[in-house]
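# Structure assessment
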Amino acid sequence: MDHRTVPSLDFLDNNSVLEHAITCAGFGKFHFSLLALCGLIIMNGSTSVGVLSFILPSAQCDFSMSSSYKGLLNAIPSVGMLFGAYFWGSLADVNGRKITLIESLLMDGLFSIASSFLTFYWPFLICRFFSGFGISGYLGICYSYLGEFLPKIYRGKVLSCLEMFWTAGIILAPLVAWGIIPLSADFAFGAFRYSSWNMFLTLCSLPSFLLPLWLTRFPESPKFLMEHGDFDEALDCLRHIYTLNTGKPGHEYPLKSLVNNGTMYTGIGELSEMSLNQSKTKISMDLKDLATKMWCQTKELFKPPHLRNTVLTCLIQFGLTSSYYALAMWLPELFNRFEKFETEHPDMNASMCQVSSVYIEQGGALNTTDLCGSAIGESVYTHTLWIGIACIPSSLLMPLCVHRLGAKFFLVMSLLMSSVAAAALYFVKNSLQNLILSCIYEAFCGLGINALLCIGVDLFPTNIRVMAAAASTTVGRLGSLFANIIFGLLIDSHCFLLIIIFSSLLLLSSFLALALPRGDSKNLDKLDHA
């Protein structure tokens, strides 16, 4: 396939003023620094999402948790992310990407570190809800913020590199947990108790305070500034990028103005009916108007010409996210069931569904040693590590090939492969086969989520781009809640039906992905003013 015929991840018209302005600023030191920052933000989100799975066995004594309470605690961050995605998306489209990133990171950090010092279940639960609320903000905005600084020739490759940071977070979390949670540290003062799992949570919350400090050294997105009529600030931003990339002084930047004959350019087109002052007056908005703005943006998403892309991305996100997080949340349980079965029946092979049926026959008493204060088995750490390592090849492949093959190819391919892997889980006969298929499944699902986020940057114009990402993320979180409920209800007695559901969801999502545009944004200017 000739890569010149496959459009790249370009969300700006080739003739737009901003596309030319960004290209003139070059590509170099500034963009590598910004990629490192955004990558660390994504890595922080990756570790923050999974921390609870490592502390539940150790925290059950402090909170006197039953299995149902454990399930609620495991699900509560997803509930917070469900409610937070839409809020942060609208806030980023109104107040800016940078300030919203800072606010969401700090919110996650504050409630996460507060939860690490709590010894009562319900206050801990509330803090984890608001931590998830904050996580949804920076995970949803990071792609748009980074993408709006990039020349189109590099955009697809650089955005797809963020998948490597997500994978690094998956690998880092069990390593840190393995190094801290088994420690015998235990400090008690009256009703207050601070154990090794509290220390683990405290340490994991620190990046959410440090990353905003680094983020303050970066400018607001020039695309957002132009969209809101701040042309002088946008020009200063581009001159700063030019200086960092080329080493030349800002006054040598080729463009002297982003305004031509009193007409303002938004980067996706020309708004000749507004003067600069009118634009600034109109766009200036207080936070009290946020709800109105959210409603207006939502209506714009769900009417032509954006309706088709909105529905497609939301449906794909539902199928992909529900399948990904369902297995991710239940992998330790599945590994545990296989380990116990193989210990009691060393010469017998059994499928995942057969192991679950044995679990039912034994009265559901699989974890008979799951006593107060019991430690996490090493297999939980090692298996999670292997899954993270298995994601490395796919996360490296996409940045290398996305320009030639296109993000849509990776999305469709990953959905098909993960669907096959999900169906094959029915035929596994031992824990090793289960681990191998789980690695394949998680690697391709993770690749698919990254590809869908990259495509989302390309499909929608600036004024609704983050809101579109928030809408699809919200639907994805609904899918995650749905999947975890269904998984818990069916894993023991209707395992085969469970496999059919998730394999079918992924297969259907792959067909829907074929209907997505190929990423050519030459008509995006028209979409903005339709």
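First, a word on what this report is: a plain description of the structure on this page. Treat the numbers as computed from the prediction; the structure is a model and nothing was measured. (Residues numbered from 1 in each chain as written. Predicted model: local features only at pLDDT ≥ 70, side-chain atom pairs only at ≥ 80, totals over all residues. Heavy atoms only, no water.)

### Describing the pairing of strand β2 (residues 192-195)
Summarising the sheet, strand β1 (residues 186-189) and β2 pair through four bridges and their orientation is antiparallel. Note on β2: the bridge partner recorded for Phe-189 is Phe-192. The turn linking β1 back onto β2 is made up of two residues, and Gly-190 within it adopts a positive phi angle of 65°. (Pairing = 2+ DSSP bridges. Helix = DSSP H or I, 4+ residues; strand = E, 2+ residues; numbered from the N terminus.)

### Some remarks on the environment of Gly-134
Take Gly-134: it is sitting in helix α5 (residues 121-147). Look at Gly-134 and you get buried, because its relative accessible area is 0%. Each C-alpha atom of the pair Gly-134 and Phe-111 lies 8.9 Å from the other, and the pair is 23 residues apart in sequence. (Buried < 20%, exposed > 50% of the residue type's maximum accessible area, 1.4 Å probe, protein only.)

### A word on the packing of aromatic side chains
Counted according to the given criterion, the structure contains 22 aromatic pairs. Relative to Trp-197, the ring of Phe-63 lies with its centre 5.6 Å away and its plane at 65°, an arrangement referred to as edge-to-face. Here Phe-63, found in helix α2 (residues 29-63), pairs with Trp-197, found in helix α8 (residues 196-205); they are 134 residues apart in sequence, far enough to count as distant. Residues Phe-63 and Trp-197 agree in their burial class; the two are buried. (Phe/Tyr/Trp six-rings, centres within 6.5 Å; stacked < 30°, edge-to-face > 60°.)

### Considering empty space enclosed by the protein
Applying the stated criterion across every chain, the model contains six cavities of 30 Å³ or more. Space inside the second largest cavity adds up to approximately 330 Å³. Contributions of two or more residues to the lining of the second largest cavity are made by α5, α7 (162-180), α14 (307-344), α18 (431-459) and α19 (462-490). Considered class by class, the residues forming the lining of the second largest cavity number nine nonpolar, seven polar and two charged. In this structure, the lining of the second largest cavity is formed jointly by two domains, domain 1 (12-257) and domain 2 (290-529), each of which donates at least three residues. (1 Å grid on protein atoms, 1.4 Å probe; cavity = no way out; pocket = protein on both sides within 12 Å on 5 of 7 lines; lining within 4 Å. Points joined across faces, edges and corners; volume = space filled by probe spheres on them. Nonpolar A, V, L, I, M, F, W, Y, C, P; charged D, E, K, R; others polar. Domains from an automatic or database assignment.)

### What to know about the packing of helix α17 (residues 407-424) against α18
The interhelical angle for the contact between α17 and α18, taken along N-to-C directions, is 155°, at an axis separation of 8 Å. By the angle class used here, α17 and α18 are roughly antiparallel. The element α17 and its partner α18 pack so that their crossing is left-handed. Only Leu-437, Ile-440, Tyr-441, Phe-444, Cys-445, Leu-447, Gly-448, Ala-451, Leu-452 and Ile-455 of α18 make contact with α17, whose side of the interface consists of Ala-407, Lys-408, Phe-410, Leu-411, Met-413, Ser-414, Met-417, Ser-418, Ala-421, Ala-422 and Ala-424. (Axes fitted to C-alpha atoms, helices over the stretch in contact; angles between N-to-C directions. Parallel < 35°, antiparallel > 145°, perpendicular 65-115°, else oblique. Left-handed = near helix turned anticlockwise from the far one by under 90°. Contact = heavy atoms within 4.5 Å.)

### Some words on the pattern of salt bridges
Inspection of the entire model under this criterion finds three salt bridges. The salt bridge involving Glu-148 is made with Arg-97; its shortest N-O contact spans 2.8 Å. Here Arg-97 lies in helix α4 (residues 97-115) and Glu-148 lies in the loop between α5 and α6 (152-160), a separation of 51 residues in the sequence. Arg-97 carries the same exposure label as Glu-148, and that label is buried. In this structure, Asp-236 and Arg-239 form a salt bridge, with 3.9 Å as the shortest nitrogen-oxygen distance. Here Asp-236 pairs with Arg-239, and both are found in helix α11 (residues 231-246), just three residues apart, close to one helical turn. A relative accessible area of 46% places Asp-236 in the partly exposed class. (Salt bridge = Lys/Arg side-chain N within 4 Å of Asp/Glu carboxyl O.)

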